[in-house]
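# Analysis of the macromolecular model
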Amino acid sequence: MGRAILSRVPADIPCPRHEDNTLANATETEPTRRDFLYIATGAAAAMGAGLAAWPFLDQMNPSSAVLAMASIEVDIAAIQPGQQVVFKWRGHPLFVRRRTPKEIAAARAVAPSDLPDGLARNANLTDSAPASDANRVIKPEWLVVVGVCTHLGCTPTVSTPQSPQGSYGGWLCHCHGSEYDTAGRIRKGPAPQNLAVPPYAFTGPTKLKIG
Amino acid sequence: MAHSSYVPKTKLGRWFDQRLPIVRLVSDSFVTYPTPRNLNFWYVFGAILTLMLVVQIVTGIVLAMHYVPSADAAFGSVEQRIMREVNYGWLIRYIHANGASMFFLAVYVHMFRGLYYGSYKAPREILWILGVFIYLLMTATAFFGYVLPWGQMSFWGATVITSLFSAIDQIIPNLGTAITHWLWGDFAVGDATLNRFFSLHYLLPFVIAGVVGLHIWALHVPGNNNPLGIDVKGPQDTVPFYPFYTVKDGFFMVLFVIFYLAFVFYAPNFFGNPDNYIQANPLVTPTDIVPEWYLLPFYAMLRAIPSKLIGVLVLVGALLTLLFVPWLDTSKVRSCRFRPLMKQLFWLFAADCILLGYVGSQTADAAWHLGGIDFPLVWLARFGTLYYFGFFWVLMPWIGKREVTRPLPESIAQAVLAKGKH
Amino acid sequence: MKPALVLALAAMSVAASAEDLTQPQAPQVQSWSFDGPLGHYDRGALQRGFQVYKEVCSACHSLNMVAYHDLAAPGGPGFSEAQAKVLAAEAHIPAEPNDKGDVFDERGNRIMRSGILADHFPPPFVNEQAARAANGGALPPDLSLIIKARQGGPDYVYSILTGFNQHPPHGFAVQEGKYYNPFFPGRNISMPPPLKPNLVSFSDGTPATVSNEAKAVVTFLAWASEPQLEARHRIGMQVLSFLVLLAGLLFLSYRKIWHGKPEDPGLVHDLPGTGTEKAPVGDPDSLSGG
C-alpha cells in the first residue's frame, strides 16, 4: 500500500536545507523561471498535435469522387421552347427551362423593387445584384435555376400552358404554396428567396457546364 | 494510495474539487504520483499502449465514417473510397492497420517486461490478470478488425478460426456446429457475419479502455514495480511522475512513433499479406491461410496438434495459462536481474515464442531440407509448444524454490547511488 | 523485408536439390523508379504504361478503381484536365435509362454514352461469366490492385509479362489451352503472351521492346495500386523530420530535468542522493507523497 512509501526515512539521509538553514521548498512555482527549452519543447509538441489533427478534419470534406461530380455538362439542344428539363446537380434537381418570348416579356415587366426578394441570387454575379430578368440569365431564352424551394427544400412543379401552376407562369411549390415567376423569382407564399441560379457557363451554343 | 497533496489554487478549483474531485484524481495519479526513480526504457510501453489505444480508437472512428460493412460493398469502401477518394483516407487507413501491429508489438514487450521483472507477483496479481484480460480483448478486437476489409485473408481467416468451435462436436454432438452457425448467422461466413463483426469491433475497444482504467487503478494501489524488484522504502526511492516520467516517457514515445510512422509512410504493407488485396471469394481458397504476425505463435500451436479438439484446447490453454502466472512462480525474488537461472529460461522462452511465430508463418507441410534429411517444421512447433507449457507449469514452480538468487540491494536509492547515476 | 526472408528461405530449401517444377521461380528483381523512401513515379513511364494498358491489356483486364480524373491528379501520369476529358470521352459507358426507361435500343444493344471525368475505366466484360466465356473459362483479374495483391509486387508482374519466352523443361507437361510461364504458380498460365516487340508505338520515341513495354505497364499499374505514393513519401519526410526535431528537444529536456545542474532554472530540483540537490524531492518533513 502507499503507506509503505511514506514509511519513516532512514536516519542516515540528511534533511536538506539551504545555506541559511531554512528548509528548502520542494516545488518551484514561478513561471517566469521556466526554461526556454521547456517552452520550445511544449510549443513544438502542440504544433505537432495541431498539424496531426488536420487530416482527421479534412477527411470529412467532400471526397474526390464527390468533387468529380461537382461539375456536370449537359446538352440542351433537344429542349423545345416552353419546355423544362430536370438534371441532377450536386444532389439537387436542376431546372433548365427554354423560355418563350411571352415568358421573357412577363419576367421583364416587373421591377425588382416590387418583388418580395429584390436580389438576383445569381452565383455568377455579385451578391448585391438586383433581381432584374437580365440578372437571372446569361442568354434570355435559357433559364437555369436550382430546383429547391427556398422555403423548406421541396421540389417546385413547373407551370406549362397545358397545366398551369400558380398565377405567375413559373413554378408552384405544392408543399406550402410558394409561387415563382418565369424568371424563377418568388412572388407569393412563404419562400423568402428567389430560386438560386448556380454558377454555369455556355461551352457551346447548346451545351452548358454547371458548377 | 499516498495521501493526496493536491491543493486547489483558485476558488473555482475548490468549488469543483468539493463536488467532483477529478482534478485531484489526475494530479494524484499522473502529476505528484510517486514513481520509482530507476524505471528504465522497458517501462515506457505502458504509456505507449495507452497512446496506441487512443490512436486506434480515433482512426477507427474516422474510418467508420466511410466504411460500409456489407459483403458487397466492404472491399470497395476500403480500397476505392477510403484509399483513393477520401482526403487523407490512405493515411488514416495505413495508420490504423499498422497501428494494430504496433499495438501488439508494444503489448508483447510490456508483457515480457512484466515477466522479467516479476511485476505479476504479490501484491500485483490482479494487475497482471487485468492485463491478460486486456490482451485477450485485444486479440478478439484484432481478429474482428482483420475481417472487415473483406479480402481473401479476411474471409478465410474468419472461416478457419470460427470453424474451430465445431470441434465441440467431439464432446457434445451437434453443439459445436450449432454454435458455429450462431456465430456466423448463416451456414458459412458471409454478410451477416461481417455486420456483427463490425459491431463488435467498434464495441470492444471501449471495453478495453474500461479495463485499462481498472488496470491503472490496480497499479496505483501498490505503486509501480521496478527493475530491481524491491519495494519502495521511502520518498528517496521515488520521483514525482511529472515532470520526470512525463518527459522520459514523452521522449521514448516520440522515438516509438518515429519507428511506427516509418512503416506507415515507407513500408505500409510490410506486416500485411498480399492476398488481402484480393476481394473475398467463397469459392476460391488461398494457397496459404495465415493470420497476422501477432497471432502466429498460437497458430503454430494449433496446427502442431493432429487432433482438432486437442489443438483448440491447447490454444485456449496457452492463453489461459497466463492467468495463473502469479501463482505458478514460487520465487521470493521478483526481478530476473537477481535470478540467473530464470533469466536464461526467460530468454529461451522469448526465443521459443519467436520460433513458434516463424513456424506459424510457414505452410502446414513446410520442412527444412538439411543435407538430404527432411525435417518437418511441425516438430519444431510441437517442441516449442512443449517448452511453452513446460516453462509456465513446470519450470516456474520448480525453479522458484531451488534457484540460488543473487543478493538484493538494500534499497532503490542505495542501488542508484552505488551506480553513481540517477 | 518479410517477402525477401520467405524467398531466401525458399531458395535455401531449393538449393540442395534440382529445380522443383511444382514451385514457381522467384521473380527477377528489377529496379523501379518508385523503389525506396525517395521513390516517385516516372511520368514518361506512367504515360507509356497507360498507353500499353489501353491498347493491349484493357481488351481483357478491367481497371475498376481508376477514374479518368485520376489521370490528371497530382502524383499520376500528369495528363492535363483537358487531355483526361478527351481520353474519357473515347470511352463507352452504359448510359442511364432514357426518359422512356429504356436501357436497350430497338436492336437489343445496350445504349452507351461517352465517358466523363467522373467515370471509372469501363470493364471489357459485363460480368464474370462473360469474362470467363471469352477467355476459355479463366477470369482475367482486375488490375487496380494487382501490384499489391501479388507476392513480389512489380517484380512478379514484370517477370510474368516477360517470362513467356522460356521453354518448358524436358518432362514438364503444359496443360491444354495454357502457356508455360515459370514465374506463375503451377507454371501453367491461361493468359497468352500479351506483349510483343513494337506492339505499341511510343510517342516519346522509347523503343517498344517487350522489356520496355513491360516496365512501362508495370509502372502504370504500380501507380494504379498506389496512387498516393508520392504524397505519402513527401508527407512522410516532413513528418519524420519534425518528429526527429521534437525528439531532440525532448531529449534535451529530459537531460535537464534528470541531470540538470543546480543553477539551471528548472521546474523541479535535482534528485536526492546525487549530491547536487537544492532540495529533496519528497521532503521527508512534509506530508505530501513523492
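Everything here concerns the structure above.
Right, let's walk through the structure included here.

The rules we used
Residues numbered from 1 in each chain as written. Chains lettered and ligands numbered in written order. Predicted model: local features only at pLDDT ≥ 70, side-chain atom pairs only at ≥ 80, totals over all residues. Heavy atoms only, no water. Helix = DSSP H or I, 4+ residues; strand = E, 2+ residues; numbered from the N terminus. Buried < 20%, exposed > 50% of the residue type's maximum accessible area, 1.4 Å probe, protein only. Contact = heavy atoms within 4.5 Å. Areas by Shrake-Rupley, 256 points an atom, 1.4 Å probe, with all protein chains shown as cover. Expected span 1.5 Å × (residues − 1). Pairing = 2+ DSSP bridges. Axes fitted to C-alpha atoms, helices over the stretch in contact; angles between N-to-C directions. Buried area = accessible area lost by both parts, 1.4 Å probe. Salt bridge = Lys/Arg side-chain N within 4 Å of Asp/Glu carboxyl O. Polar contact = N/O pair within 3.5 Å; in protein donor to acceptor, adjacent residues only side chain to side chain. Disulfide = S-S within 2.5 Å. Core = buried A, V, L, I, M, F, W, Y, C linked by side-chain atoms within 4.5 Å. Domains from an automatic or database assignment.

Our next topic: the overall build of chain C. From N to C terminus, chain C includes 7 helices and 4 strands. Reading the secondary structure of chain C in the N-to-C direction produces α-α-α-β-β-α-α-β-β-α-α. Per-residue burial for chain C yields a buried fraction of 41% across its 290 residues. Taking as baseline every contact in chain C between residues at least 6 positions apart, the subset at least 24 positions apart corresponds to 59%.

Bringing the overall build of chain A into the picture now. Helices and strands together make up the secondary structure of chain A, namely 3 helices and 10 strands. Along chain A, from the amino end to the carboxyl end, the secondary structure elements read α-α-β-β-β-α-β-β-β-β-β-β-β. Buried positions account for 36% of the 211 residues belonging to chain A. Considering only intrachain contacts with a sequence separation of at least 6, the fraction spanning at least 24 residues in chain A is 52%. Carbon and sulfur atoms form 60% of the exposed surface of chain A, whose accessible area is close to 11600 Å².

So, on to helix 6 (residues 210-225) of chain C. Helix length check: helix 6 of chain C (16 residues) gives 22 Å between terminal C-alpha atoms against 22 Å at 1.5 Å per residue, within 8%. Next to the buried residues of helix 6 of chain C lie helix 4 (74-85) of chain B together with helix 2 (43-55) and helix 5 (153-162) of chain C.

With that out of the way, let us pick up the sheet that holds strand 1 (residues 72-75) of chain A. All names here are of chain A. Taken together, the 3 strands give an open sheet; going across it, the order is 1-10-9, and neighbouring strands pair in antiparallel fashion. Edge positions in the sheet fall to strand 1 and strand 9 (200-204), since each has one partner strand and no second. Pairs of neighbouring strands in the sheet enclose a mean axial angle of 30 degrees, with direction left out of account. In this structure, strand 1 lies alongside strand 10 (residues 207-210), joined through 4 bridges in antiparallel fashion. Residue pairing across strands places I72 opposite I210, the latter belonging to strand 10.

In this section: the environment of P116 of chain A. Residue and element names in this part refer to chain A. Note on placement: P116 falls in the loop between helix 3 (101-108) and strand 4 (142-146). Take P116: its relative accessible area is 52%, and that puts it in the exposed class. Residues in contact with P116, not counting those within four places in the same chain, are I186 and R187.

A word on unusual backbone geometry. Residue and element names in this part refer to chain B. Geometrically, the link from A122 to P123 is a cis peptide bond, its omega value of 0 degrees lying close to zero. By the secondary structure assignment, P123 is in the loop between helix 5 (89-117) and helix 6 (125-147). A cis amide bond links Y242 with the next residue in sequence, P243, at an omega value of 0 degrees. As for its placement among the helices and strands, P243 is situated in helix 10 (residues 241-266). Backbone geometry places Y88, a non-glycine residue, at a positive phi of 60 degrees. Within the secondary structure layout, Y88 lies in the loop between helix 4 and helix 5. Here Y88 falls in the partly exposed class, since its relative accessible area comes to 23%.

As a further point, take the pairing of strand 3 (residues 367-370) of chain B. Residue and element names in this part refer to chain B. Here 4 bridges tie strand 3 to strand 4 (residues 373-376), and the two strands are oriented antiparallel to one another. Note that in strand 4 the partner of L370 across the bridge is I373. Adjacent in sequence and paired antiparallel, strand 3 and strand 4 are bridged by 2 residues, among which G371 carries a positive phi angle near 50 degrees.

All names here are of chain B. The residue H96 is located in helix 5 in this model. Take H96: its relative accessible area is 16%, and that puts it in the buried class. Discounting residues that sit within four places of it in the chain, H96 has contacts with Q56, T59, G60, L63 and H201.

Bringing the interface of chain B and chain C into the picture now. On the chain C side, the residues contacting the 49 residues of chain B number 52 residues. When chain B packs against chain C, the two sides together hide about 4500 Å² of surface, and 73% of this comes from carbon and sulfur. Where chain B touches chain C, the interface holds 0 salt bridges. Between the two partners, chain B and chain C, sit 9 residue pairs in polar contact (both at pLDDT 80 or more). At the level of elements, helix 4, helix 5, strand 2 (238-240) and helix 10 of chain B are the ones that each hand at least two residues to the side of chain B that touches chain C.

Below, the discussion takes up the sheet that holds strand 6 (residues 169-172) of chain A. All names here are of chain A. The 4 strands are arranged 5-6-7-8 in an open sheet whose pairing can be described as antiparallel. Edge positions in the sheet fall to strand 5 (157-158) and strand 8 (186-188), since each of these pairs with one other strand and no more. Pairing of strand 7 (residues 179-181) with strand 8 involves 2 bridges; the strand directions are antiparallel. Paired with E179 across the two strands is K188, which belongs to strand 8.

Residues and elements named next belong to chain A. Following the criterion strictly, the structure yields 1 disulfide over all chains and no others. Disulfide pairing places C154 opposite C175 at an S-S distance of 2.1 Å. In this structure, the disulfide formed by C154 and C175 twists by about -100 degrees around the S-S bond and is classed as left-handed. Of this pair, C154 sits in the loop between strand 4 and strand 5 while C175 sits in the loop between strand 6 and strand 7; the two residues are 21 residues apart in sequence, bridging distant segments of the chain. We classify C154 as partly exposed; its relative accessible area is 21%. Note on C175: relative accessible area 40%, which makes it partly exposed.

In the structure shown here, the tally under the stated rule is 25 salt bridges over all chains. Here E179 of chain A makes a salt bridge to K188 of chain A, at a shortest N to O gap of 3.9 Å. On the basis of relative accessibility, which here comes to 9%, the residue E179 of chain A falls in the buried class. Through salt bridges with shared partners, a single network forms among K121, D329, R339 and E403 of chain B.

The nonpolar side chains of a soluble globular protein tend to be buried with one another. Counting 143 residues, the largest nonpolar core has L115, Y135, W150, F298, F391, F392 and M396 of chain B as its most contacted members. Ranked by residues supplied to this core, first place goes to helix 5 of chain B with 16 residues. Domain assignment of the residues forming this core places at least three in each of domain 1 (21-66 + 120-227) and domain 2 (232-287) of chain C. Apart from the residues within four sequence positions on either side, L115 of chain B is in contact with Y120, W128, V325, F346, F349, F392 and M396 of chain B. Residues F34, A91, Y158 and V218 of chain C belong to the second largest nonpolar core, which totals 45 residues.

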